[in-house]
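# Residue-level structure breakdown
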Amino acid sequence: MRALQRGEPIIVRNKDATRPWQHVLEPLSGYLWLGACLARPELAPGGREAPVTSFNFGPAISANRSVGRLVDEILRHWPGQWEDRSEAKPVHEANLLNLATDKAYHLLGWRPVWEFATSIEQTVRWYRAAMDAGAGVDASGRIQAFTRGQIDLYQADARAQRLPWIMAR
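In this text the structure is predicted, and so the values were computed from the model without any measurement.

Conventions used here
- Sequence order as written defines residue numbering, which begins from 1 separately in each chain.
- Residue-level local features of this predicted model are given only where pLDDT is at least 70; pairs of side-chain atoms are given and counted only at 80 or more, and the full residue set underlies all totals for whole chains, interfaces and linings.
- Side-chain figures throughout are based on the complete set of non-hydrogen atoms in the structure, without hydrogens or water.
- Runs of E in the DSSP output that reach at least two residues are strands. Runs of H or I that reach at least four are helices, and both are numbered from the N terminus.
- Each residue is assigned to one of three classes by its accessible area relative to the maximum for its type, calculated with a 1.4 Å probe on protein chains only: buried under 20%, partly exposed between the two thresholds, exposed over 50%.
- Per-residue and other accessible areas follow the Shrake-Rupley method at a 1.4 Å probe size, with only the shown protein chains counted as cover for residues.
- Only four residue types enter the tally: Lys and Arg on the positive side, Asp and Glu on the negative side; His and the chain ends are excluded.
- By convention, the charge on Lys lies at NZ, on Arg at CZ, on Asp at CG and on Glu at CD.
- When checking whether two residues touch, look at their non-hydrogen atoms; a contact exists if any pair is within 4.5 Å.
- A pair is scored as a salt bridge if a Lys or Arg side-chain nitrogen falls within 4 Å of a carboxyl oxygen belonging to Asp or Glu.

## A short note on the overall build of the protein
The helix and strand tally for the protein stands at 7 helices and 4 strands. Taken from N to C terminus, the helices and strands of the protein fall in the order α-β-β-α-β-α-β-α-α-α-α. Viewed in the frame of its principal axes, the protein has a C-alpha envelope of about 50 × 45 × 25 Å. A buried classification covers 36% of the 169 residues belonging to the protein. A total accessible area of about 10200 Å² is found for the protein, and carbon and sulfur atoms account for 53% of it. The averaged location of the 18 negative side-chain charges in the protein is 3 Å from the averaged location of its 21 positive side-chain charges.

In structure tokens:
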């Protein structure tokens, strides 16, 4: 995103690596829901106490994409270019990373709200809004208002999907 903000190409060193891309609101909703279920067990599915254990909050495995696909999706929303800087003998790194979110789904009823394309679109929109807000006294208020609007949109989409964390009272 910084490269696009500077009008430079995005440098990619491993376009085929697959990662679990998500919007920041996804894990945030999961951790807030986990906290609510720990504080008030009756909120958890089945009214059972949420176990005090680790959880992953991320995209569905089917939503993982390669770095190349990520960059292509970003460039659909913020025109620019990218450069493949793959090395012939790169330092070893995992080519495929996943987050197992099945425990969060089964024990908390949590699942992601936005699929890959929406997550990337909304992420790019936030960075553009932050750049467009500029600097100065009014910039903070503008990006804060934009962020609140994105949170409202995220909640509305969760409500439309009738996810337990947004329906709980």
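That covers the picture; the talk isn't over yet.
## Let's talk about the side chain of His 23
Inspection of the secondary structure puts His 23 in the loop between β2 (18-19) and α2 (25-39). Discounting chain neighbours no more than four positions away, the residues touching His 23 are Trp 114, Ser 119, Gln 122, Thr 123 and Gln 150.

## Structural notes on unusual backbone geometry
The phi dihedral of Arg 162 falls on the positive side, at around 55 degrees, and the residue is not glycine. Of note, Arg 162 is situated in the loop between α6 (137-160) and α7 (164-167). Overall, the relative accessible area of 62% leaves Arg 162 in the exposed class.

## Re the pattern of salt bridges
Scanning the entire structure with this criterion turns up 5 salt bridges. Note that Glu 8 and Arg 6 form a salt bridge whose closest N and O atoms lie 3.1 Å from each other. For Glu 8, a relative accessible area of 36% corresponds to the partly exposed category. The class for Arg 6 is exposed, based on a relative accessible area of 52%.

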